Amino acid sequence: MTAPAVAAARTSEPSIDVRWEGPSDCTSDTFTDALDRMLVGSSVVDPIRVEASVVRTEEGWSISTDFDAGPGRAGQRSFQAPSCRTVTQAAALAIAIAVDPTVLDRLVVAPEPSAEAEPEVVPERTAVPAPAADPSPPLGPIVAVEPVSALADGAGVEPSSRWRGLVGFAGLIDGGALPGPGGGIAATVGVLHRRFRGELVGTRRFPTRKMTSFDPRVGGELSQWSVGVRGCGVPSLGPVELPLCGGFDAGQTIGRGVGLRDPLTSAQPWLAALAEAGVAWPVRPWLALTLRASLAVPLLRQDFSIEDLGLVHRVGPVQGRGLAGLELRFP
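What you are looking at is a predicted structure, and each value in this text was computed from that prediction instead of being measured.

Break down the layout of surface pockets for me, with residues and values.
If you roll a probe as big as a water molecule over the atoms, it shows you where there is empty space left. Looking at the largest pocket, its volume works out to about 310 Å³. Considering the residues around the largest pocket, the lining is formed by 19 residues, among which Arg256, Gly257, Leu264, Ser305 and Ile306 are closest to the centre. Elements with a contribution of two residues or more to the lining of the largest pocket: β12 (219–233), β15 (244–258), β16 (265–284) and β18 (303–306). A breakdown of the residues in the lining of the largest pocket according to their chemical character gives six nonpolar, eight polar and five charged. If you go around the second largest pocket, the residues you meet are Glu21, Ser53, Ser64, Thr65, Asp66, Gln76, Ser78, Arg164, Arg284, Pro285, Trp286 and Pro331. Of all the secondary-structure elements, those providing two or more residues to the lining of the second largest pocket are β4 (61–68) and β5 (74–81). Per-element accounting of the lining of the second largest pocket gives the leading share, three residues, to β4. Residues that form the lining of the second largest pocket fall into these classes: three nonpolar, five polar and four charged.

So this is what it looks like as structure tokens:
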């Protein structure tokens, strides 16, 4: 037995952008062609972006997809099947129905003719009315969909919205506010929702030293920590995301005496407004490489001094920062 044939009226189709990861013997051609044909005549106007990852398993093939076709038309689908053709066409059908439920109304099942069926004999005395004209439009090319042996849990559920969590880790280098360039680390937790992302960011800037002009053996060691919030718009260039963010940081700038018999430590408040731009490249649906550059303006500027020796350092008027790291995304 072969699978039922599915046909759709070919009038128009939305733009489809597919990012495919898989071995050379399972390419995106079957998936893309099936999805394109199923969405002919669709009312979807937004471009459809699909990220798909295909792997060979002991049972056959497995596919995981992440798709977005605009508000209310986003989610993930996963399937397993014995063949590459089966699993890719099943994923294409599931995504087509998810982004445009009217696909089901346009699909027509063409039953297979049976060789054993006997032609119906109509008695001559029975009047047979002429069939009514079929108002449906002519059907276009046929796409055959093979049966799927196993579906992943929740594959047929359409999420009402596509919120995703993220956790990021990065190394940083900054300058301007504290003495000289200095290094540090940053950690981020946040959420993604279509073209928006919100973040909570914690940073730790490692200490750097500055000695006094009066005695090069005496000076201060300054470090900093902060916690900040970010709100970002996220335009994209193909698969690459370009977050543009604004926010605030609050924390402490810490100065400790160096070269003194009884050094003191002073912790002063740090409060700054900042703007940030970056690049995020999703190398996997769950992993992205990130680069960020930010410019912060301190709302408070303190002096760090040593008694009898005068000023050691005053917090600078701006702080420039660069970050590079990794970002984990879920689900």
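Just give me the short version of the environment of alanine 69, but keep the residues and values in it.
Structurally, alanine 69 is set in the loop between β4 and β5. Remark: the alpha-carbon pair of alanine 69 and valine 50, spanning 19 residues in sequence, is separated by 8.7 Å.

Account for the nonpolar core, with residues named and values stated.
Phe31, Leu35 and Ile63 are the most contacted members of the largest nonpolar core, which totals 29 residues. Contributions of two or more residues to this core are made by α1 (29–38), β3 (48–56), β4, β5 and α2 (84–99). Considering every element that reaches this core, the biggest residue donor is α2, with 10 residues. When neighbours within four sequence positions are excluded, leucine 35 is seen to be in contact with Ile16, Val50, Ala92, Ile95 and Ala96. Counting nine residues, the second-largest nonpolar core is a separate cluster that includes Leu222, Trp270, Leu274 and Val315.

Give me the lowdown on empty space enclosed by the protein, citing residues and values where you can.
Scanning the entire structure with this criterion turns up four cavities of 30 Å³ or more. Taken as a whole, the largest cavity spans an internal volume of roughly 360 Å³. Of the residues that constitute the lining of the largest cavity, the class distribution is eight nonpolar, one polar and 12 charged. In this structure, the second largest cavity occupies an estimated 200 Å³ of space. When residues of the lining of the second largest cavity are traced back to their parent elements, those giving at least two are β9 (163–175), β10 (182–193), β11 (196–211), β17 (287–298) and β20 (319–330). Ranked by the residues each element gives to the lining of the second largest cavity, the list is headed by β20, at six residues. The class makeup of the residues in the lining of the second largest cavity is eight nonpolar, six polar and seven charged.

Cut-offs applied
Residues numbered from 1 in each chain as written. Predicted model: local features only at pLDDT ≥ 70, side-chain atom pairs only at ≥ 80, totals over all residues. Heavy atoms only, no water. 1 Å grid on protein atoms, 1.4 Å probe; cavity = no way out; pocket = protein on both sides within 12 Å on 5 of 7 lines; lining within 4 Å. Points joined across faces, edges and corners; volume = space filled by probe spheres on them. Helix = DSSP H or I, 4+ residues; strand = E, 2+ residues; numbered from the N terminus. Nonpolar A, V, L, I, M, F, W, Y, C, P; charged D, E, K, R; others polar. Core = buried A, V, L, I, M, F, W, Y, C linked by side-chain atoms within 4.5 Å. Buried < 20%, exposed > 50% of the residue type's maximum accessible area, 1.4 Å probe, protein only. Contact = heavy atoms within 4.5 Å.

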